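The lines below spell out each chain.
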Amino acid sequence: MTYSRLLKWARTKRRSTRKGPNSTVSLKSLPKDLLVKVVATVASHSFTNLLAIKQCCKEFLDATEDRYVLQSVSLDAFPLIQWLPNNKASFFLNRCRENENVESLYREGLRKYFGNANGKIDGLCIMNKAAQKGHNEAKYVCGMISLCSGDDELRKQGLEYMRFLRKSKCVVRCRKKVKQLLVSLWKKPRMLNHNLSPLCKFKSTCKGWRVKTGRWVLLDDDDDDDLGLCEHCRWDHELKLFYHLFNVH
Ligand SMILES: [Zn+2]
């Protein structure tokens with residue numbers, strides 16, 4: 001049932017049961033899928049919200065056990081790497097992973113890719129899966145890793161991801177979230193390939209670059225709407241910021 005249909009249903013139900021100005025619809029009378037949808041929406045904003053809604057009533061508590069809620073819940077409250085053992089957190093995160101929470105998939109890919117030199121192919125493959133399921137930060141990381149590569153075909157794929165994010169006006173937001181998540185990652189030397197060759201082949205003379213040089217600071221996503229300027233220069237700038245996250249200079 002879609003959200004608008006659910007709201008329509010709730011309004012109809014309310015009208016049909018209304019007896020006076022103070023009459024209300026009991027949560028018990030609402031269908032389970034509506035409750036799950038409400039709880040999943042709340043949980044997708046923050047894990048803290050999920051904890052709060054669980055304590056509201058038994059109906060919401062039961063709904064939190066639904067697979068869809070575990071798939072949707074935001075994991076922002078958890079670090080990428082749990083340095084200190086926390087059984088409760090590990091149990092919850094494992095359940096999210098088992099239920100195919102996309103954020104979980106993305107994090108697993110990140111840990112594999114940056115955790116050891118042998119995990120790169122597997123890690124990138126997992127992150128690509130999360131990206132294809134619509135996870136924007138996974139798109140950002142896959143896009144940037146591909147642009148760091150020396151393989152021209154891979155760089156083309158990276159451009160596709162970055163173009164999608166730019167059209168959705170969320171490049172800056174994704175970068176900020178990735179930066180936040182990578183705080184707990186130990187930045188080892190050479191964990192990221194450094195491609196010294198810029199995407200823009202005319203960097204020294206490129207009009208787009210010269211126009212933006214010195215003041216290209218994108219404070220929020222709305223600033224990233226100047227599609228008329230050189231696209232390759234735009235991504236060379238993004239690469240510089242991405243390398244900086246890994247102390248690659
Ligand atoms: Zn250029």
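Residues numbered from 1 in each chain as written. Predicted model: local features only at pLDDT ≥ 70, side-chain atom pairs only at ≥ 80, totals over all residues.

## Digging into the overall build of the protein chain
Then, in step 1: Counting its regular elements, the protein chain contains 13 helices and 0 strands.
Then, in step 2: Across the 249 residues that make up the protein chain, the buried fraction comes to 26%.
Then, in step 3: Contacts in the protein chain between residues far apart in sequence, at least 24 positions, make up 63% of those at least 6 positions apart. (Helix = DSSP H or I, 4+ residues; strand = E, 2+ residues; numbered from the N terminus. Buried ≥ 20, exposed ≤ 12 C-beta atoms within 10 Å, placed from the backbone. Contact = placed C-beta atoms within 7 Å.)

## Here we look at helix α13 (residues 231-245)
Then, in step 1: With 15 residues, α13 should cover 21 Å at 1.5 Å per step; its first-to-last C-alpha distance of 22 Å lies within 8% of that length.
Then, in step 2: Residues of α13 that are buried: C233, R234, W235, E238, L239 and F242.
Then, in step 3: At the C-terminal side of α13, N247 shows a positive phi close to 55°. (Expected span 1.5 Å × (residues − 1).)

## Overview of the nonpolar core
Then, in step 1: Counting 26 residues, the largest nonpolar core has M127, A130, A138, V141, C142 and M144 as its most contacted members.
Then, in step 2: Those elements that provide at least two residues to this core are α7 (102-115), α8 (120-132), α9 (136-148), α10 (152-167), α11 (171-181) and α13.
Then, in step 3: Considering every element that reaches this core, the biggest residue donor is α9, with 7 residues.
Then, in step 4: Ranked by size, the runner-up nonpolar core spans 15 residues in total, among them A40, A43, I53 and L75. (Core = buried A, V, L, I, M, F, W, Y, C linked by C-beta atoms within 7 Å.)

## Some points on the confidence of the model for the protein chain
Then, in step 1: Summary statistics for the protein chain give a mean pLDDT of 84 and a share of 81% for residues scoring 70 or more.
Then, in step 2: Across the protein chain, α9 holds the top mean pLDDT of 97, while helix α1 (residues 3-17) sits lowest at 50. (pLDDT = per-residue confidence, 0-100.)

## Overview of the packing of α8 against α9
Then, in step 1: Running from N to C, α8 and α9 cross one another at 135°; their axes reach a closest spacing of 8 Å. The pairing of α8 with α9 is recorded here as oblique in orientation. The way α8 lies across α9 gives a crossing that is left-handed. Note on element contacts: α9 touches α8 through A138, K139, V141, C142 and I145, opposite L124, M127, N128, A130 and A131.
Then, in step 2: Here the residues of the contact of α8 with α9 are counted per class, giving 8 nonpolar, 1 polar and 1 charged. (Axes fitted to C-alpha atoms, helices over the stretch in contact; angles between N-to-C directions. Parallel < 35°, antiparallel > 145°, perpendicular 65-115°, else oblique. Left-handed = near helix turned anticlockwise from the far one by under 90°. Nonpolar A, V, L, I, M, F, W, Y, C, P; charged D, E, K, R; others polar.)

## Structural notes on the packing of α9 against α13
Then, in step 1: Two numbers describe how α9 lies on α13: the axes approach to 10 Å, and their chain directions differ by 100°. By the angle class used here, α9 and α13 are roughly perpendicular. Of the residues in α13, those in contact with M144, L147 and C148 of α9 are W235, E238, L239 and F242.
Then, in step 2: Partitioned by chemical class, the residues of the contact of α9 with α13 number 6 nonpolar, no polar and 1 charged.

## Quick look at unusual backbone geometry
Excluding glycine, residues mostly have negative phi values, and the peptide bonds linking residues are mostly trans.
Then, in step 1: The phi dihedral of E100 is positive, around 65°, even though this residue is not glycine.
Then, in step 2: Looking at where E100 falls in the secondary structure, it is placed in the loop between α6 (87-98) and α7.

## Re the environment of T41
Then, in step 1: Structurally, T41 is set in helix α2 (residues 32-45).
Then, in step 2: Residue T41 is classed as partly exposed on the basis of its C-beta count, with 14 C-beta atoms lying within 10 Å.
Then, in step 3: In the structure, T41 is positioned 28 residues away from V69 in sequence and 8.1 Å away in space, judged by C-alpha atoms.

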